[in-house]
Amino acid sequence: MPSHLFADRPAQPPEPGSVDALISQTRRLRGEVDAVRRDTVVDDDDAQGRWQRALCDLAVHHLDDLGQHLGQLKEGLPPAPEQSVAPPGATPEPPVEDRQTRVGSAEWNLLTDEVTWSEELFQIFGRSPEAGALPLDELGSTLFSEDQPLLTAMVTDCLVDGKPIDGEFRIVRADGRVRTLHMRGEPVLDSDGCTASMWAVLRDVSELRRSQRAVRESRDSLQRRREIARTEHRLAVELQEAVLPPWRGSLRFPHDSTGALDVAAHYMPSASSALIGGDWYDALELTDGRSLLTVGDLTGHGVTATSGMAMMLGALRGMAMAGIEPGPLMGWLNQLLETSVQPALGSAVCCRYDPELRVLSWAQAGHPAPLLFRGGQGRSLRPPEGVLLGATSGAVYGQAEERLEAGDVVVLHTDGLTPRSIEFSRADGSERLLALAPRLSAARSAQDCVRIVLEEFGDNEREDDACVLVARIGF
């Protein structure tokens, strides 16, 4: 029914051709949006994907409503001179009986008590035409009790004060289904300016509101996940900075001994700064004059990985200070990781250097072996027995020794130096480091060696973070 304020105001019908063109455009756009919706793959843990899918659903509902409005508008028009042809790719219009009715109209005559409902409105209310249309004083009986005052106020304002109706309420159909309706209407005035009747258009917006609610919930879920991710990232960074050695540049110890170590290290984040892993490095002067050198990595990212790294590095430092040799120390770390609350796997290399004998004693747990550079040549040390930390209970870790010479350079690194892809394997990091032998052997300090490594690996698109530690034997 056309919107009007006075009963004798003539309606201005639109041009038939323009409505047909709008219907064709709506069908084409609806088909394109539906194709995007079908192509949107949503996982249970993908909050952003659920939000995108909900937006597509909402857009489809809007376009369905628009198409139905235009279809009803067309039904009231005279036949078009030529039948419009849908453009290629447009979604064919479904049969009338398959389309969900969303819009109906009604008029309540206050002078004759006559009530007129459209066929669509009977379908919306789930009411048969034989049962008759509901008068205004009975319409509220179908509403939720908490929504009835709203309808009463809207109808009263319309009939008494001539205000237009615009509001939503929920109804319970005869079949028990709950629907949300949006009602818009106006009073119809007679020639004396008195209210003669009231007309209204009622729109079933149940699916539209469901889609809007899904969009809000998925958006809120996505925002919560992003906030949680930002918080966890900040905590992981703070924990990592608190646990890793505070020194920057080079260290030298023991200070008053020949054969002293010149040590430098660097942490290299992953290409995605959001991925804070469990990589560590450390160099520590022990109470007996020897030195501890270590690097390692725990599986995982975020607070869980950094908190596990903090536990492992703290235990490693304590046992090293207590005089436990690298092999047995690895066994204790394995037992610690095996019994921790957060199960994980880890790899590590632990070295103990004696400056008087210039002997490096070391053990490893599924980790790249230290690299030794001497006289412009480089080689990987032969690794003793050692499986990943946390992989098996009661694992035994071997220990190896290597006698070093003045000017030697020892490089420890984690396996995140190179990206994990078809082009790069775990061994590529060590091979590319060994290719730097002439430059590393000629470097004057451990810090210079670190700079050389960063020139080679610093710009790589690493999927994981990495650590490198360089120890240069003094003269």
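Look up: the structure comes first, before these words.
Remember, it's a predicted structure, so these values are computed and weren't measured experimentally.

**A closer look at the sheet that holds strand β3 (residues 165-172)**
- Strand order in this open sheet of five strands is β2-β1-β5-β4-β3, and the pairing throughout is antiparallel. The two strands at the open ends of the sheet, each matched to only one other strand, are β2 (115-117) and β3. Put simply, the sheet's adjacent strands are angled 25° from each other on average, direction ignored.
- Lying on the sheet, helix α5 (residues 148-161) is in contact with β3, β4 (178-189) and β5 (195-204); it crosses β3 at an angle near 145°.
- Across the sheet, helix α6 (residues 206-243) lies against β3, β4 and β5, angled at about 120° from β4, the strand it touches most.

**Comments concerning the pattern of salt bridges**
- For the structure on display, the rule yields 21 salt bridges.
- R379 serves as the salt-bridge partner of E402, at 2.5 Å between the closest nitrogen and oxygen. Of this pair, E402 sits in strand β14 (residues 400-403) while R379 sits in strand β13 (residues 377-380), and the two are 23 residues apart along the sequence.
- Note on R379: relative accessible area 37%, which makes it partly exposed.
- In the salt-bridge network here, residues are joined through shared partners; they are D288, R290, E325 and R352.

**Thoughts on the packing of helix α7 (residues 303-321) against helix α8 (residues 326-338)**
- As a packed pair, α7 and α8 sit with axes 10 Å apart at the nearest point and diverge in direction by 145°. Crossing hand, α7 versus α8: right-handed. In this structure, α7 contributes M311, M312, A315, L316, M319 and A320 to the contact, and α8 contributes L329, W332, L333, L336 and L337.
- In terms of residue class, the contact of α7 with α8 is built from eleven nonpolar, no polar and no charged.

**Comments concerning the sheet that holds strand β7 (residues 261-268)**
- Read from one edge of the open sheet, six strands run β6-β7-β16-β15-β12-β13, paired in antiparallel fashion. Each edge of the open sheet is held by one strand with a lone partner, namely β6 (250-253) and β13. Adjacent strand axes in the sheet meet at a mean angle of 20°, parallel and antiparallel pairs treated alike.
- Bridging between strand β12 (residues 371-374) and β13 involves four bridges; their strand directions are antiparallel. Bridge assignment links R374 to a residue of β13, and that residue is Q377.
- Of the strands in this sheet, β6, β7, β15 (409-413) and β16 (466-473) are in contact with helix α11 (residues 446-457), which crosses β7 at around 30°.

The rules behind these values
- Residues numbered from 1 in each chain as written.
- Predicted model: local features only at pLDDT ≥ 70, side-chain atom pairs only at ≥ 80, totals over all residues.
- Heavy atoms only, no water.
- Pairing = 2+ DSSP bridges.
- Helix = DSSP H or I, 4+ residues; strand = E, 2+ residues; numbered from the N terminus.
- Axes fitted to C-alpha atoms, helices over the stretch in contact; angles between N-to-C directions.
- Contact = heavy atoms within 4.5 Å.
- Salt bridge = Lys/Arg side-chain N within 4 Å of Asp/Glu carboxyl O.
- Buried < 20%, exposed > 50% of the residue type's maximum accessible area, 1.4 Å probe, protein only.
- Left-handed = near helix turned anticlockwise from the far one by under 90°.
- Nonpolar A, V, L, I, M, F, W, Y, C, P; charged D, E, K, R; others polar.

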